[in-house]
Amino acid sequence: MLTPIGPNLSPSDQKYTPTVLLTGHADWVRDVAWAPTILQKSYIASASQDKTVRIWTSDPAHPNDWKSIVLNFDAVLWRVSWSLSGNVLAVSGGDNKVSLWKENLKGEWDCVKWIEE
């Protein structure tokens, strides 16, 4: 399960309260990254112990309605990181590989490069 997105600080108890809770991973979430973008959609990526990356999207018309696409891997995943433009996602895991992902015109995510040592 992911931590709450967009928490609000309640003035009465000085505690954060979640506005949206993103769920779907079956094991620990190791990393979360928000894409720096000026596009209409917002993107968040989460890497998990369950060997999946979820790419969450939301558009301005429905800011609390997040949908996810699942990318499956062969190893536990450790980190996700967006490029400065927010259109390329780097994923690294326990297999010592880094993969780079881009969204195509159909809204699907394609692996454009594998780096392995």
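This text goes with the structure placed above it.
Conventions we followed
- All residue numbers here refer to positions counted from 1 along the written sequence of the relevant chain.
- Where totals are concerned, whole chains, interfaces and linings use all residues; where local detail is concerned, this predicted model gives features only for residues with pLDDT of at least 70, and gives and counts side-chain atom pairs only at 80 or more.
- Derived side-chain values reflect all non-hydrogen atoms in the structure, with water molecules and hydrogen atoms excluded from consideration.
- Numbering of helices and strands starts at the N terminus; helices are DSSP runs of H or I of at least 4 residues and strands are runs of E of at least 2.
- Working definition: with a 1.4 Å probe on protein chains only, accessible area under 20% of the residue-type maximum means buried, over 50% means exposed, and in between means partly exposed.
- Pairs of residues are marked as contacts when any of their non-hydrogen atoms sit within 4.5 Å.
- Method for areas: the Shrake-Rupley scheme with a 1.4 Å probe, in which residue coverage is limited to the protein chains shown.
- Two aromatic rings from Phe, Tyr or Trp, using only the six-membered ring of Trp, form a pair when their centres are within 6.5 Å; if the ring planes differ by under 30 degrees the pair is stacked, by over 60 it is edge-to-face, and anything between is tilted.

(A) Representation of the overall build of the protein within the structure. Within the protein, the secondary structure is distributed over 0 helices and 10 strands. Looking at the protein as a whole, 33% of its 117 residues are labelled buried. Of the contacts formed within the protein by residues at least 6 apart in sequence, a portion of 32% connects residues at least 24 apart. Within the structure as shown, the protein displays about 7,400 Å² of accessible surface, and the carbon and sulfur contribution to it stands at 54%.

(B) Main features of the side chain of T57. Locating T57 in the fold gives a position in strand β5 (residues 52–58). Discounting residues that sit within four places of it in the chain, T57 has contacts with S42, Y43, D65, W66 and K67.

(C) Here's a closer look at the packing of aromatic side chains. Counted under the stated rule, the structure contains 6 aromatic pairs. Seen in terms of ring centroids, Y43 and W82 are 5.9 Å apart; in terms of plane orientation they differ by 50 degrees. Their pairing is tilted. In this pair, Y43 is assigned in strand β4 (residues 42–48) and W82 in strand β7 (residues 77–82), connecting sequence segments 39 residues apart. Seen from their ring centres, F73 and W114 are 6.4 Å apart, and the 70 degrees between their planes marks the pair as edge-to-face. With a gap of 41 residues between them, F73 in the loop between β6 (67–72) and β7 and W114 in strand β10 (residues 109–116) connect regions that are remote in the sequence. Note on W114: relative accessible area 46%, which makes it partly exposed.

All quantities given are derived from atomic positions and should not be read as evidence of function.
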